[in-house]
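Architecture and fold: a report
Listed below are the residues making up each chain.
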Amino acid sequence: NSFVTRTNTCGELRSAHVGQKVTLCGWVQYQRQGLFLVLRDFQGLTQVIIPQDEAHSHVKELLSNAPVESVVRVTGTVSPRPLGQENPKMPTGDIEVKAETAEILNSCKKLPFEIKDFIKKSEALRMQYRYLDLRSSRLQSALRLRSRVVMRMREYLCNLHGFVDVETPTLFKRTPGGAKEFLVPSREAGKFYSLPQSPQQFKQLLMVGGLDRYFQVARCYRDEGSRPDRQPEFTQIDIEMSFVDQAGIQRLIEGLLQHSWPEERGSIMTPFPSMTYEEALAEYGTDKPDTRFGMKIVDISDVLRGSNIHFVQNALSYPHGSIRAICIPQGVRYLTNKDLESLKESAKSQFNQEIMEIIHRHDGSLKSLLTKFLGEKEQSELIQALNMQEDDVVLLAAGEHKQVCSALGALRLLSADLLEAAGLALRDPTAFHFLWVVDFPLFLPKAENPTELESAHHPFTAPHPSDASLLYSDPTKVRSQHYDLVLNGNEVGGGSIRIHSAEQQRFVLEKVLKEDSEVLSHLIEALEFGAPPHGGIALGLDRLISLIVDAPSIRDVIAFPKSFRGRDLMGNAPDYVTPEELEPYHIQVSWPLEEKEAKKN
């Protein structure tokens with residue numbers, strides 16, 4: 001309450017304050033028949049008794065007629081509530097304030113929606129009136145928790161471990177590879193800045209400059225178009241260190257999260273478990289596994305290798321062919337035929353993967369189109385391999401290893417959603433399962449041209465020490481020193497040990513990725529001036545906080561987010577500018593025909 005005109009907040013008064021004269025400022029949450037109102041501020045609620053005597057008639061008139069969400073200042077005396085009228089659900093429920101003077105600081109016009117968490121309103125309306133949505137306890141709580149976490153992170157890094165907080169430029173130049181960047185025109189004809197998708201180059205240059213330990217709460221930008229639950233601008237906890245290895249970065253981050261973790265969310269155990277990329281793909285069908293529940297993918301190739309099933313033999317005849325399956329617990333009881341058909345259709349439409357189902361009956365037998373091709377021994381081995389119990393349903397896929405695993409990984413998550421919707425508790429919503437995923441491939445074939453390679457992480461990632469020689473002979477087999485941090489099936493951080501040799505960096509860019517190294521000449525030259533070995537990581541702050549508070553979207557933990565189409569619905573951005581404003585930037589807009597007609601009309 002320092003520096004302000006109130007004596008107390010609306011959430012702090014208790015029985016110990018009875019008899020004190022107080023001044024409260026806040027919003028009118030509720031008013032009942034001119035008898036009392038509930039005043040709200042950022043900390044809570046207080047019941048204010050409206051005086052009924054003639055001497056305070058002006059106070060009664062003022063408070064009785066104040067529209068909901070008007071801002072008022074009330075001065076009065078704290079009194080105990082009458083016996084039997086206490087409200088145990090309110091922290092201030094034992095007291096009330098008897099108003100003596102009041103002032104309407106600002107009246108509120110008719111609201112587009114009620115400021116109550118339980119009132120349903122469209123996200124578009126909430127974002128159009130974001131300043132009203134921010135008054136909700138849900139958003140208030142999320143933003144305040146976010147602030148506390150960031151402050152604790154800053155304390156851990158700067159005060160306890162000697163990191164230097166450095167702001168890096170927002171206007172820079174295009175970085176090869178990675179996400180698409182926003183362009184910013186300059187007054188030099190044909191020349192543009194780029195908004196950095198991360199401070200990657202700058203933090204490496206800070207290591208060359210000898211800062212040793214850098215960190216920043218960094219604003220980042222990616223022009224990714226209409227992608228659900230992504231933001232064109234977002235926040236990273238950005239970190240870089242010199243003379244460090246992968247294990248050192250991992251221990252730092254585990255300590256950082258343990259130090260900054262909100263007490264009300266329980267404690268987190270360290271060290272976090274670790275899994276290779278290949279293990280994650282084979283067991284979970286994804287590089288960001290949700291390890292809160294089982295239903296792992298099981299390789300049953302050896303069980304069915306001796307069978308006469310045509311599609312099985314066909315799949316196993318290919319170099320990377322395999323037969324794999326997931327077992328859905330109690331699938332018969334919780335999933336309908338329609339559910340099973342939707343799962344199979346999903347695998348077909350998304351991955352072009354056929355799925356066979358096997359049901360474990362009450363009598364111990366198996367029901368499937370496959371059973372007539374399997375002897376008793378094979379059926380028994382199948383039950384054992386998948387640890388099938390009564391009423392379980394197995395989804396089986398055959399084909400190329402990566403495609404099969406990816407399809408079953410997606411079905412594993414869809415099945416979990418269906419089971420939980422039907423009432424089976426599978427994933428503990430209060431559990432936080434962190435996991436390191438390591439040993440990613442350094443390069444992947446480009447989707448649009450599989451004969452060419454692109455960086456799996458980014459072009460500055462160093463090869464795994466054991467695979468360094470393969471970089472020059474067979475780059476497709478090189479593992480990287482890239483590591484991802486996964487929480488409950490969501491990637492919340494990613495980093496790597498960097499290339500600190502100019503020669504190796506130039507080779508990766510020019511020979512492997514076929515990129516023009518001239519774009520990065522400043523970085524490559526810097527590596528020639530005695531660059532220390534270095535590495536780092538970036539934590540996605542928006543995603544991390546949304547998981548901590550169990551928000552349905554990252555938009556629920558950002559004060560002023562963009563819509564999923566990248567628009568600011570409150571300020572109506574992006575917006576048109578006049579040709580005169582564009583002239584200094586040597587830009588003319590070429591309008592699509594339908595927009596030309598619309599502008600004419």
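Residues numbered from 1 in each chain as written. Predicted model: local features only at pLDDT ≥ 70, side-chain atom pairs only at ≥ 80, totals over all residues. Heavy atoms only, no water.

**A short note on the sheet that holds strand E14 (residues 356-360)**
Taken together, 5 strands build an open sheet; the order of strands is E12-E13-E16-E14-E15 and the sheet is antiparallel. On the outer flanks of this sheet lie strand E12 (298-299) and strand E15 (366-367), each paired with one strand and no other. Pairing of E12 with strand E13 (residues 321-328), which is carried by 2 bridges, proceeds in the antiparallel orientation. Pairing of Asp299 across the sheet is with Arg324, part of E13. (Pairing = 2+ DSSP bridges. Helix = DSSP H or I, 4+ residues; strand = E, 2+ residues; numbered from the N terminus.)

**Things to note about the side chain of Gln250**
Note that Gln250 resides in helix H6 (residues 246-260). Residue classification places Gln250 among the buried residues on the basis of a relative accessible area of 8%. If we ignore the near neighbours within four places in the chain, the residues touching Gln250 are Trp436, Val438 and Tyr483. (Buried < 20%, exposed > 50% of the residue type's maximum accessible area, 1.4 Å probe, protein only. Contact = heavy atoms within 4.5 Å.)

**Details of the sheet that holds strand E6 (residues 164-165)**
Strand order in the open sheet made by the 8 strands is E6-E9-E10-E22-E21-E20-E17-E11, with mixed pairing throughout. Single-partner strands in this sheet number two, and they are E6 and strand E11 (274-276). Direction of pairing for E6 relative to strand E9 (residues 213-221): parallel, over a ladder of 2 bridges. Bridge pairing in E9 places Val164 opposite Tyr214. In this fold helix H5 (residues 200-208) packs onto E9, strand E10 (233-242) and strand E22 (534-540), with an angle of close to 20° to the strand it touches most, E10. (Axes fitted to C-alpha atoms, helices over the stretch in contact; angles between N-to-C directions.)

**Side note on unusual backbone geometry**
For residues besides glycine, phi is generally negative; the peptide bonds are generally trans as well. In this structure, the amide linkage connecting Thr270 to the following residue, Pro271, adopts the cis form with an omega of 0°. Among the secondary structure elements, Pro271 is positioned in the loop between H6 and E11. Between Ala573 and the following residue, Pro574, the backbone shows a cis peptide bond with an omega angle of 0°. The residue Pro574 is located in the loop between helix H17 (541-548) and helix H18 (579-582) in this model. Here Asp212, not a glycine, exhibits a phi torsion of approximately 75°, which is positive. Note that Asp212 resides in the loop between H5 and E9. Judged by relative accessible area, Asp212 falls into the partly exposed class, the value being 31%.

**With respect to the environment of Pro169**
As for its placement among the helices and strands, Pro169 is situated in the loop between E6 and strand E7 (183-185). C-alpha separation for the pair Pro169 and Pro199, spaced 30 residues apart in sequence, amounts to 8.0 Å. Those residues in contact with Pro169 that lie beyond four places of it in its chain are Pro196 and Phe202.

**Description of the domain arrangement of the protein chain**
Interfaces are frequently sized by the accessible area removed from exposure as the parts join. Taken domain by domain, the protein chain holds domain 1 (15-106), domain 2 (139-275 + 433-556) and domain 3 (293-422). Computed from C-alpha coordinates alone, the two centres of domain 2 and domain 3 are separated by 37 Å. (Domains from an automatic or database assignment.)

**Overview of a nonpolar patch on the surface**
Taken together, the side chains of Tyr131, Phe560 and Met570 present a nonpolar region at the surface, about 310 Å² in accessible area. Topologically, Phe560 is positioned in the loop between H17 and H18. (Patch = residues over 30% accessible without salt bridge, like charges linked within 9 Å, V, L, I, M, F, W, Y side chains within 5 Å. Areas by Shrake-Rupley, 256 points an atom, 1.4 Å probe, with all protein chains shown as cover. Salt bridge = Lys/Arg side-chain N within 4 Å of Asp/Glu carboxyl O.)

**Re the pattern of salt bridges**
Scanning the entire structure with this criterion turns up 40 salt bridges. Between Lys203 and Asp238 there is a salt bridge whose closest N-O contact spans 2.9 Å. Of this pair, Lys203 sits in helix H5 while Asp238 sits in strand E10, and the two are 35 residues apart along the sequence. Among the residues examined, Lys203 registers a relative accessible area of 2% and is labelled buried. Residue Asp238 is classed as buried on the basis of its relative accessible area, which comes to 0%.

**Let's talk about the nonpolar core**
Ranked by size, the top nonpolar core spans 50 residues in total, and within it Ile239, Ile253, Leu257 and Leu485 carry the most contacts. Every residue in contact with Ile253, bar those within four places of it in the chain, is listed here: Ile239, Trp436, Leu485, Ile537 and Leu539. Formed by 22 residues, the second largest nonpolar core is a distinct cluster that contains Ile297, Leu395, Val404 and Cys405. (Core = buried A, V, L, I, M, F, W, Y, C linked by side-chain atoms within 4.5 Å.)

**Some points on H5**
Summarising burial for H5: 7 of the 9 residues are buried, a large majority. Listed as buried for H5 are Gln200, Gln201, Phe202, Lys203, Gln204, Leu206 and Met207. Along its buried surface, H5 packs onto E9, E10, helix H16 (521-527) and E22.

**Some words on the pairing of E10**
In the case of a regular strand, side chains alternate between the two sheet surfaces. Extensive coverage of E10 is indicated by the burial of 9 of its 10 residues. Direction of pairing for E9 relative to E10: antiparallel, over a ladder of 9 bridges. In the sheet register, Phe215 faces E10, and the bridge partner there is Ile239. Bridge analysis of E10 against E22 gives 7 bridges, and the strand direction is antiparallel. Within E22, the position partnered with Ser242 by the bridge is His534.

**Quick notes on the pairing of strand E21 (residues 490-497)**
Among the 8 residues that make up E21, 6 are buried, leaving the element largely enclosed by the rest of the structure. Two strands pair when backbone bridges link them, and strand E20 (residues 482-487) and E21 are joined in this way by 6 bridges, in the antiparallel orientation. Its bridge partner lying in E21, Leu485 is registered against Gly493. In textbook terms, the turn of a hairpin is the stretch between consecutive antiparallel strands, and for E20 and E21 this stretch comprises 2 residues, one of which, Asn488, has a positive phi near 50°.

**Structural notes on the environment of Gln140**
If you trace the backbone, Gln140 turns up in helix H4 (residues 137-161). Using a relative accessible area of 24% as the deciding quantity, one classes Gln140 as partly exposed. Sequence-wise, Gln140 and Gln43 are 97 residues apart; in three dimensions their C-alpha atoms are separated by 9.2 Å. With residues near it in sequence (within four places) discarded, Gln140 still touches Phe42, Leu134 and Arg135.

**Observations concerning the state of the cysteines**
Here a disulfide denotes a covalent bond joining the sulfur atom of one cysteine to the sulfur atom of another. Enumeration according to the criterion identifies 0 disulfides in this entry. Distance from the sulfur of Cys25, which forms no disulfide, to the nearest cysteine sulfur (Cys10) is 8.0 Å. Assessed through its relative accessible area of 16%, Cys25 is described here as buried. Of all cysteine sulfurs in the structure, the one in Cys10 sits closest to Cys108, which takes part in no disulfide; the separation is 16 Å. On the accessibility criterion, Cys108 (15% relative accessible area) is buried. (Disulfide = S-S within 2.5 Å.)

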